[in-house]
Amino acid sequence: MQLVHRHERRVYNLAYRMLGNPEDARDATQDAFLSCFRHLSRFRGDSSFSTWLHRIALNACYDSLRRRRDTTSLEERSIDPRPVADHADRAAAATDVQRALLGVPPDFRAVLVMHELQDLPLDDIAATLELPVGTVKSRLHRGRVALGRILSGGEGEGTPEHDAPVQATESQEARPHPNP
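All figures in this text were calculated on a predicted structure; none of them were measured in a lab. (Residues numbered from 1 in each chain as written. Predicted model: local features only at pLDDT ≥ 70, side-chain atom pairs only at ≥ 80, totals over all residues. Heavy atoms only, no water.)

### Notes on the overall build of the protein chain
Counting secondary structure elements, the protein chain contains nine helices and zero strands. If you list the helices and strands of the protein chain from N to C, you get α-α-α-α-α-α-α-α-α. Within the protein chain, buried positions represent 37% of all 180 residues. In the protein chain, the share of contacts with a sequence separation of at least 24, taken over all contacts with a separation of at least 6, comes to 61%. (Helix = DSSP H or I, 4+ residues; strand = E, 2+ residues; numbered from the N terminus. Buried < 20%, exposed > 50% of the residue type's maximum accessible area, 1.4 Å probe, protein only. Contact = heavy atoms within 4.5 Å.)

Put into structure tokens, the structure is as follows:
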């Protein structure tokens, strides 16, 4: 029970930012702790307990997203942010950011939430996701770009530099290729 009290808030916040709905976040949090208790004997101590628990929580979020993908579109989901009392502008901005976060691909969103909102160092995120630090940095950058595009009214997923095909100009097409 002490583990739940110690980690519940962080796990719930991660789930809420990943899923965008308080009810789904509570379900994912509960699933994460149930899975944690069921598999506690598998914890080897290779990483910190919180890193291991974050990985379990992310898996619960991914499971929820997979289940939801089949039944609900992004527009049909309700966003219920926790508004700050007497700060309407901050509440509106939080709603906009939460909606935009839901448009970021889940792999990028996970890194964004852990780094920007939970202040986890890149090394801890890499350990949690079982990825090289370079991949975490790349996902963080691509997530920031995708989030920025969505917030500025651009298209949804992806990054601008890598999504559009590059077309050659007339002068480039006229040049002979070195290896025909």
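### A word on the pattern of salt bridges
Evaluation of the coordinates by the stated rule reveals three salt bridges. Salt-bridge contacts for Asp46 lead to Arg44; the nearest nitrogen and oxygen are separated by 2.9 Å. Arg44 carries the same exposure label as Asp46, and that label is exposed. In this structure, Arg144 and Glu116 form a salt bridge, with 2.2 Å as the shortest nitrogen-oxygen distance. In this pair, Arg144 sits in helix α7 (residues 133–151) while Glu116 sits in helix α5 (residues 106–117), placing the two residues 28 residues apart along the sequence. Residue classification places Arg144 among the partly exposed positions, given a relative accessible area of 42%. (Salt bridge = Lys/Arg side-chain N within 4 Å of Asp/Glu carboxyl O.)

### Some remarks on the packing of aromatic side chains
Tallied over the full model, the rule gives four aromatic pairs. Their ring planes at 85 degrees and their centres at 5.7 Å tell us that Phe43 and Phe49 sit as a pair that is edge-to-face. Residue Phe49 is classed as buried on the basis of its relative accessible area, which comes to 17%. With 5.7 Å between their ring centres and 50 degrees between their planes, Phe49 and Trp52 make a pair best called tilted. Pair noted here: Phe49 and Trp52 are both in helix α3 (residues 49–71), with a separation of three residues, about one helical turn. (Phe/Tyr/Trp six-rings, centres within 6.5 Å; stacked < 30°, edge-to-face > 60°.)

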